[in-house]
Amino acid sequence: MQCSYFDAGLCRSCTLLEQPYEQQLAGKEARVRELLAPHPGIQWLPTVPSAEGGFRNKAKMMVGGTIAAPTLGLLDGRGRGIDLRGCAVCTPGIRAALPAVASFITAAGLEPYDVPTRRGQLKNVILTESPAGELMVRFVVRTADVLPAIRAQLPSLLAAEPRATVVSVNLHPEHKAVVEGDTEVVLTENDTLTMRLGTVDLRLRPQSFFQTNSAVAAALYAQAVEWTDALQPRSVWDLYCGVGGFALHCAAPGRRVLGIETSAEAIESARASATAAAATDVRFEVGDATGFALAADEHPDLVIVNPPRRGIGTELAGWIERSEVRHVIYSSCNAVTLAKDLAAMPSWRPVRARVLDMFPHTEHFEVITLLERV
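Note that this is a predicted model, so its numbers are computed, not measured.

Engineer: Please explain helix α3 (residues 92-108) as it appears in this structure.
Structural biologist: Each α-helix turn comprises 3.6 residues. Residues three or four places apart therefore point the same way. The first and last C-alpha atoms of α3 sit 25 Å apart over 17 residues, in line with the 24 Å expected at 1.5 Å per residue. The principal kink in α3, of about 30°, is found at L98, preceding the proline P99 by one to four residues. Listing the buried residues of α3 in full gives G93, I94, A97, L98, A100, V101, A102, F104, I105 and A108. Contact partners of the buried residues in α3: β2 (58-65), β3 (70-75), β5 (122-129), β6 (135-141) and α4 (147-160). Phi turns positive one or two residues past the end of α3, at G109, with a value near 65°.

Engineer: I tried to follow the sheet that holds β5 on my own but got confused; where do I start?
Structural biologist: Sheet strands pair via backbone hydrogen bonds, and the direction of the pair is either parallel or antiparallel. Overall, mixed pairing links the 7 strands, which are arranged β4-β3-β2-β5-β6-β7-β8 in an open sheet. Two strands lie at the open edges of the sheet, namely β4 (81-83) and β8 (183-186), each paired on one side alone. Each neighbouring strand pair of the sheet contributes to a mean axis angle of 40°, computed without reference to strand direction. Here 3 bridges tie β3 to β4, and the two strands are oriented antiparallel to one another. Bridge pairing links L74 to I82 in β4. Running at roughly 145° to β5, α3 makes contact with β2, β3, β5 and β6 of the sheet. Docked against the sheet, α4 engages β6, β7 (164-171) and β8, running at close to 160° with respect to β7.

Engineer: Is there a simple way to think about the pairing of strand β11 (residues 235-239) in this case?
Structural biologist: Along any regular strand the residues' side chains alternate between the sheet's two faces. Buried residues dominate β11, accounting for 5 of its 5 residues. Of the two faces of β11, both are covered, the one formed by S235, W237 and L239 as well as the one formed by V236 and D238. Here 5 bridges tie β11 to strand β12 (residues 256-261), and the two strands are oriented parallel to one another. Bridge assignment links W237 to a residue of β12, and that residue is L258. Note that the unit made of β11, helix α6 (residues 245-250) and β12 has a crossover that is right-handed. By the bridge criterion, 4 bridges tie β11 to strand β14 (residues 302-305) in an arrangement that is parallel. Residue pairing in the sheet places L239 in a bridge with V305 of β14.

Engineer: Teacher, can you tell me more about the side chain of H327 here?
Structural biologist: Relative to the elements of secondary structure, H327 occurs in strand β15 (residues 327-332). Using a relative accessible area of 18% as the deciding quantity, one classes H327 as buried.

What counts, and where the lines are drawn
- Residues numbered from 1 in each chain as written.
- Predicted model: local features only at pLDDT ≥ 70, side-chain atom pairs only at ≥ 80, totals over all residues.
- Heavy atoms only, no water.
- Helix = DSSP H or I, 4+ residues; strand = E, 2+ residues; numbered from the N terminus.
- Expected span 1.5 Å × (residues − 1).
- Bend = angle between axes of the 7 residues up to and from the residue.
- Buried < 20%, exposed > 50% of the residue type's maximum accessible area, 1.4 Å probe, protein only.
- Contact = heavy atoms within 4.5 Å.
- Pairing = 2+ DSSP bridges.
- Axes fitted to C-alpha atoms, helices over the stretch in contact; angles between N-to-C directions.
- Right-handed = clockwise from strand over helix to strand, strands pointing away.

Here it is, written out as structure tokens:
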């Protein structure tokens, strides 16, 4: 895929962009096979590719420039804005909304935050597009002082971009290299974006994590459903459940499903989705995955884990090793920590595995594995 920003050296986020896409996929497949080589006999299913462009449903745009001429994209080494409104990996719907967002910044008088001097208000704009084309737009600002101006100009933004069904302001007062703060102020009547994947509607709240590639995420959940339905477990735990993607997809009559996640915002999203789907056998609780497992009196038939890049860690791996669990589905965004976790569970072996290219043009990918006891 050709990118003028990459060619000009303005953005190098897509580190593998110069490689043909088929070569990228082959490299990722080879890497995960190498890491899982200590476990022979794995049935490798065909890799799930992504569209090469227009796949990213979430754009985190740093704001630079001036009130009259804001930039949306990155900041260079001196804190100056680099405008990336035409970024080809973002969905067309996100790219189409960025001019209206830029005009809104000017109309509301939102001064871009200047990193070197620590002056200004608007730090980032975060846009998420649903498969149906609806948008969530979030403005990350330093203080609540700008809320009146944002509220006053909100009708103009909604008129210019009617697909914006959720608009919020995130307060991020600290000078830190993180995208957002802890406090969210929702300005629209609707506070959730419906992300329909397959047959499941997931309600996404502003601070909830969601996979950034909707098409590949749908394939990931479909694979988990296929394996789960073949196993016919009576009880399932979805640890690190996020907004409940695996739990709600794998739910079935007579199957008790429990999702555990540290983020209260994500659990609110998951519960809203379960209520809308009338999923009576699905429950979600706020909690630490490892702590929950270690304190549990009963063990489920199937555990699904979808941890962050650090993996599940030695404590949870040790609990799985000692548990009465029959099967594990491990979805990993870091095959290095997946291999490390498997080494800590010598009684388990991966019997099926599949690479899903959630993050084209980068070295990252998702791999889902079905584990059985030796």
